[in-house]
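# Coordinate analysis (summary)
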Amino acid sequence: MIRSIVGTSLKLRYIICLLAAGMMVYGMTQLRRMPVDVFPEFAPPRVEIQTACNGLSAEEAESFVSVPLEQALNGVDGLDIMRSKSVPDLSSIEMYFKPGTDELRARQLVQERMQTVIPSLPTWAAPPVMMPPVSVTGRFMKIGISSETMSLTDMSMVAYWTIRARIMQVPGVANVAIWGERIKLPQVQIDPKRMAQHNVTVDDVMEVTANALDVGLLQFSQGAVIGTGGFVDTPNQRLHIRPVSSIISAAELGQVPVHNRKKADGTPLVLNDVANVVIHTWPLIGDAVIDGKTGLLLIVEKYPWANTLEATRGVEEALREIQIGLPGLKIDPTIFRPADFIEVAFHNLQRALVLGCILVMLIIAAFLFEWRTALISLLAIPLSLMAGVLVLYYTGSTLNTMILAGFVIAIGVVVDDAIIDVENIVRRLREHRKAGDTASTARIILDASLEVRQAIIHATLIDVVVLIPIFFIGGLSGAFFQPLAVSYGLAVMASMLVALTVTPALCYILLHNVPIEHREPVFVRWLHRLYEPVLARIIRRPAPVFAVTAIVMLVGFAVLPLLGESLFPEFKERDFLSHCITKPGTSVQEERRIATQVGNEVRAIEGVRNFGTHIGMALLADEVCGVNFGENWLSISPDADYDETLDKIKAVVYAHPGLFRNVETYLNERIDEVLTGTSETFVVRIYGPDLKQIHSLADNVEEALKDIPGIANLHIQLQSEVPQIQVVVDLQKALKVGLKPGDVRRAAATLLSGEEVGDIFLDGKAYDVNVWSTPESRHSVDDVRNLPIDTPSGGHVKLADVADVAIRPAQSVIYRENASRRIDVSANVEAADLGAVMTEVQNRLDKIKYPLGYHAEVFGEYAERQAAQRRMLLFAIGGGVGVFLILLASFHNTRLAILGFLTLPSALVGGLLAAYFTGHVISLGSLVGFLTVFGIAARNKIMLINHYQHLEAYEGEVFGPRLALRGAIERLSPILMTALATGLALVPLVIAGDIPGHEIEYPMAIVILGGMVTSTLLNLFVVPSLYLQFGASDENAGTGTAHVTTARVVPSLTS
Amino acid sequence: MRTRHWIMAALVAGSLPLASCKKTETAEEEIESPAKVEHLAGDQPARITLTEDAVKRIDLKTSPIAEADEQGAKTKTMPYSALLYDTQGDTWIYANPQPLTYVREHVQVKRIDGDQAILAQGPAVGTQIVSVGAAELYGSEQEFEEE
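Residues numbered from 1 in each chain as written. Chains lettered and ligands numbered in written order. Predicted model: local features only at pLDDT ≥ 70, side-chain atom pairs only at ≥ 80, totals over all residues.

Check the secondary structure of chain A and you find 33 helices and 34 strands. Dimensions of chain A along its principal axes, counting C-alpha atoms only, are 130 × 85 × 55 Å. Residue burial in chain A is summarised as follows: out of 1055 residues, 45% are buried. Once local pairs closer than 6 in sequence are excluded, the contacts in chain A between residues at least 24 apart make up 80%. (Helix = DSSP H or I, 4+ residues; strand = E, 2+ residues; numbered from the N terminus. Buried ≥ 20, exposed ≤ 12 C-beta atoms within 10 Å, placed from the backbone. Contact = placed C-beta atoms within 7 Å.)

Spelled out as structure tokens, the structure:
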């Protein structure tokens, strides 16, 4: 079959070349549109539902909103885990679906379920909103807005109606959240003292306000009916009537009379007499600090399928357009711009690739001494990679670092493929032409290709088999690394296809009538002259070389346990985030004060370019937290020294007491959050309805587990309690004045939390109108106690007269999982035998009695890791067996197969030593390097041994030292070419060092260089001797004759 | 041939002494902790010692407990910003008995008047108490999670 493919390609050579050229051109245009990002989408499909419930405490948000929603959403098709987080003013439910679920279909199903439960939710909660689908690294831009001249409310209106609306139009933008937003609201701030003075009730004020507006929101007030206009029909015309609202500002609203009442001096009582009617804003759930003062921070998020670079440029252009019309506003889009990192990374990679390509071309030209062959080899490389990329593009994948890493591993194979084919074709062409052979060029090319191809298929199979375990890592780590295996497989197959079709075709076209036999590769002859005597001596006395090899191998494997492990790459992004969290329960003013303080200090550090802080929550945003939570975002300028500036930043941040603080990059934070979860070895999660009960069960669990040997750092999850003012109506006291608890609650709610009573529509915008109280009347706990509550008889009582107002502990955040409250008891295991410890843990847990409705489950990385490790071990063993069988099929000789199998890992020794001397860590990049070296070493070894067998079988060489010498010399050129081409292509990467974009490529290049040194030395100097010792085929052993099939006499190249 | 042997041997010998290589300490360990909390015996609240740098960083300010005249009776007043509530509703302030040392002390509030708190019970008049930065001291005392 292969023969027919190559044959057809030779016949249709021009068509093949046209197709290849067409594919390259097409690929170049498509590549521009391919979304580029740092990470693959490794998180499982996720749907988040947020319900804003302004004024509700965490427990009420949980019981009134989270619980009914969870009950309705449980059991949606494909749902894996459902978690919820309830904080004051917000309920957030996260639904994680099984990997592979279609995200859009999942959203559809969730939406349908939500419709069934929305009517039953309390009316003071806004309708639940399904958050737009966002990428796992969803935040791709942060924009700081500040102004010297505009007020915060004016800024907020512009930000929401103009800036946000414009940015949402940019393709790829999923959501824009505004921190620090203070929407303009006309607000009727009731002054309880003046209200009591004039004998007006809270209900009066609310009703009057709602009725005064065209659109009132109070359901049972007159204002709920919107008066329409109607029309008048004259005999000739129909004239429509439109009432134009005359209340468009707070001043006018303040003049509205209150129920026909009169003041002491006879003038009508108006709203201004009992309240301050002002332009104000809603109760703050968060804030933002830009450049040292309160401002707005816009966070832009993208869809999972969006192209970060394109979306970033789109948003920047939109902002440039808008800025012209907003002179008083300072818009800073550079606070956080991950596109910077991507641009720098790809620029660096491109530069390294171009330099590498030039070096490869030089190598090939030097060895083959014929520019045409160098060109053919060089063309094969991008063709293979482009084919792989196109396939990925059509499967909807993003171009990310994992895919690039897969291609990079494949480069070894691709380069090798390109070289060995061409080298063998050229060599055979030269041989035949010098011998005066009249065989057609096409036939020579065909035979030469097949000679190489049959051997190389086995080597390629080995490379693929080695990578199969990656598909079985499973879990989220598997999703992270799978694109690597996929892109590698694609590149390898594409390379094989190119070697079977395009390379022979090009060779034929370019070398058809070219007298290449007249050009001798001078450089190669010189190498042969150097190599032959050394090898001859080694073949005569192999023992010392064997000894040295064994020692080096031992050293290499001894080094292995000394190397650390750090599998997830740490990217040198120049954007950082630093948490600045005060104790839960802290006020927004204090959080703002300390965040501004930290911000001013960090901004003073040389090299820090931008700084923006967001505190608490924003509407439709991705943070679910209290106002004590602050995140600082800063970026370092490109010319500042990375490590030095980072150290200075850490020094400043960690110098503040009393805060939870850290400094990390966004990418690392995302990895931590999604992939690693808890850092402890295992977690005992206790589920149940009552918090106190599960707390005491957690105590029982801790008691039971604490003396198991090997357990360390056993602790119960800290449940943060905050002081909360609890108001419990005393029924007897309330009865005495004719009040019902509901009345008390509603009255207190309006005064303490505010109530929206209507809307004003103006210039295409809707302004909520709000009834609240003056800030002075809710300034302290005593103010709550003294809150006047209207009684049915027309008087007032103080809240403390009818209710118990006291401070009690409360949860500031309530977590639920799979529709139940939960608490975690976690620990690390520091014993060698993880399995035995976990069995003991399980035994002890089984002995604990749980009341009805409570249970415990054990989770842990360990379980997944163990399962994954067992799986991988199984497949690794299977892979090893597979490799052995492939070697057997290739060599047809058991002893050779065993020999080949045992010497394969030794090629990696150089890589291990190189990794040891430059960083002591095995990282993802090193692993990629090992795989590349392994691939090349396997191919070279198989090619060499197959060549020996070929010489024996087809060219009449007798098994012996001469065979070993000749075979090795003939393979010297391609082995060295591949080694030098691959090695030198990586030199630019090594010289550039550990710069952005090279986090994976740099350690990989080091390992590959080290590995290539040892594997090449091994192949050139040790394998020939080994072959002599062990490679005697069963037929040859003792007889010394070989089966000759052709009578062709081929002159040796060493004459 | 001999030279190659020596080169190999030298490589092997040279790699052994380079075996030790400590990981660099993380920045957190290198930086001196800004607050030191000593938990005293019994029910007494902890004693917090800050470094001078830490005090500057959080811009901690103190003011003395003042005397006030309330309808003839003498009462104490202090800034409202010094007041902290615990989960049981008890009220506290941070006293500053020695430079850089802070101890939580109990107070009883009669009422709040604007930005002043009128105390029914509290430390002696003239005691320096923390009026800005009390929240950070409270945060140093007890561990809390990132949430």
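Anyway, onward from the coordinates.
Moving on: the interface of chain B and chain A. At the interface, 36 residues of chain B touch 41 residues of chain A. Going through the elements one at a time, α1 (2–15), α2 (27–30), α3 (52–57), β8 (101–113) and α4 (134–141) of chain B are the ones with two or more residues in the side of chain B that touches chain A. When residues in the side of chain B that touches chain A are grouped by element, the largest group, 6 residues, is from α4 of chain B. Taken together, the residues that form the side of chain B that touches chain A break down as 18 nonpolar, 7 polar and 11 charged. (Nonpolar A, V, L, I, M, F, W, Y, C, P; charged D, E, K, R; others polar.)

Here we come to the pairing of strand β16 (residues 296–302) of chain A. Residues and elements named next belong to chain A. By the criterion of burial, β16 is predominantly enclosed, with 7 of the 7 residues buried. With burial as the criterion, each face of β16 is covered, one bearing L296, L298, V300 and K302 and the other bearing L297, I299 and E301. With 6 bridges connecting them, strand β5 (residues 139–146) and β16 associate as antiparallel partners. When the bridges of β16 are listed, K142 appears paired with I299. Relative to β16, strand β6 (residues 173–179) is paired through 6 bridges, and the arrangement is antiparallel. If you follow V173 over to β16, its bridge partner there is K302. (Pairing = 2+ DSSP bridges.)

We now examine the sheet that holds β16 of chain A. Residue and element names in this part refer to chain A. With antiparallel pairing, the 4 strands of this open sheet are ordered in space as β6-β16-β5-β17. A strand with exactly one partner marks an edge of an open sheet, and here the two such strands are β6 and β17 (330–336). Each strand axis lies, on average, 25° off the axis of its neighbour in the sheet, ignoring direction. Across the face of the sheet, helix α5 (residues 152–168) comes into contact with β5, β6 and β16 while running at roughly 170° to β6. (Axes fitted to C-alpha atoms, helices over the stretch in contact; angles between N-to-C directions.)

With that settled, the discussion passes to the sheet that holds strand β19 (residues 575–581) of chain A. Residues and elements named next belong to chain A. The strand order across the open sheet built from 6 strands is β15-β14-β20-β21-β19-β22, with neighbouring strands paired in antiparallel fashion. The open sheet has two edge strands with one neighbour each: β15 (293–294) and β22 (660–665). Pairing of β19 with strand β21 (residues 630–636), which is carried by 5 bridges, proceeds in the antiparallel orientation. Its bridge partner being in β21, S578 is matched across the sheet by N632. Helix α19 (residues 588–603) rests against β14 (286–290), β15, β19, β20 (608–616) and β21 of the sheet, and its axis sits at about 170° to β20.

A word on the confidence of the model for chain A. Regions with low pLDDT carry predicted coordinates that are not meant to be interpreted in detail. Chain-level statistics for chain A give a pLDDT mean of 83 and a share of 93% at 70 or above. Residue range residues 1035–1055 of chain A is modelled with pLDDT below 50. Its contacts to residues more than four positions away, or to other chains, number 24 contacts. (pLDDT = per-residue confidence, 0-100.)

It is worth spelling out unusual backbone geometry at this point. Unlike most non-glycine residues, L620 of chain A shows phi in positive territory, near 50°. Following the sequence through the fold, L620 of chain A ends up in the loop between β20 and β21. Unusually for a residue other than glycine, D59 of chain B sits at a positive phi of about 55°. Structurally, D59 of chain B is set in the loop between α3 and β3 (61–64).

All names here are of chain A. One way to put it is that helix α30 (residues 909–917) packs onto helix α33 (residues 1001–1030) with a least axis distance of 6 Å and a crossing angle of 135°. Classed by the angle they form, the pair α30 and α33 counts as oblique. Crossing of α30 over α33 shows right-handed handedness. Taken together, the residues of α33 that come into contact with α30 (itself represented by V909, G910, G911, L913, A914 and A915) are P1003, I1006, V1007, L1009, G1010, G1011, V1013, T1014 and S1015. By residue class, the composition of the contact of α30 with α33 is 9 nonpolar, 6 polar and no charged. (Parallel < 35°, antiparallel > 145°, perpendicular 65-115°, else oblique. Left-handed = near helix turned anticlockwise from the far one by under 90°.)

A separate point is helix α11 (residues 338–368) of chain A. Residues and elements named next belong to chain A. Across its 31 residues, α11 extends 45 Å between first and last C-alpha, which sits within 8% of the 45 Å expected from 1.5 Å per residue. The set of residues buried in α11 consists of P338, A339, F341, I342, A345, A352, G356, V360, I363, I364, F367 and L368. Positive backbone phi, approximately 55°, marks F369, located one or two places after α11. (Expected span 1.5 Å × (residues − 1).)

Time to look at the nonpolar core. All names here are of chain A. Ranked by internal contacts, the top residues of the largest apolar core, which has 257 residues, are L298, V300, I364 and V933. Among the elements that line this core, the one with the most residues is helix α13 (residues 401–434), at 19 residues. For L298, the residues in contact, after removing those within four places along its chain, are K142, I143, I145, A159, I163, R164, V176 and I178. (Core = buried A, V, L, I, M, F, W, Y, C linked by C-beta atoms within 7 Å.)

Residue and element names in this part refer to chain A. For the pair α11 and helix α32 (residues 961–992), interaxial distance at closest approach is 8 Å and the crossing angle is 155°. Here α32 runs roughly antiparallel to α11, going by the angle between their axes. Seen from above, α11 lies across α32 with right-handed handedness. Between α11, through N348, A352, L355, G356, L359, V360, I363, I364 and F367, and α32, the contact on the second element is made entirely by S973, M977, L980, A981, L984, A985, L986, V987, P988, L989 and A992. Taken together, the residues of the contact of α11 with α32 sort by class into 17 nonpolar, 3 polar and no charged.

All names here are of chain B. Sheet analysis places strand β5 (residues 73–79) next to strand β9 (residues 116–121), joined by 4 bridges and oriented antiparallel. Paired with K76 across the strands is L119, a residue of β9. Across 5 bridges, β8 lies against β9 in antiparallel orientation. From the neighbouring strand, R111 faces β9, where its bridge partner is I118.

Burial analysis of helix α7 (residues 202–212) of chain A places 8 of its 11 residues in the buried class, which makes it a mostly covered element. Three or more residues of α7 of chain A are buried, namely V202, V205, M206, E207, V208, T209, A210 and A212 of chain A.

As a further point, take the environment of L931 of chain A. Residues and elements named next belong to chain A. With respect to the helices, strands and loops of the structure, L931 is situated in helix α31 (residues 924–954). The class of L931 is buried, set by 27 C-beta atoms lying within 10 Å. Put simply, L931 and G356 are 575 residues apart on the chain and 20 Å apart in space, counted from C-alpha to C-alpha. Aside from chain neighbours lying at most four places away, what touches L931 is I409, V466 and L467.

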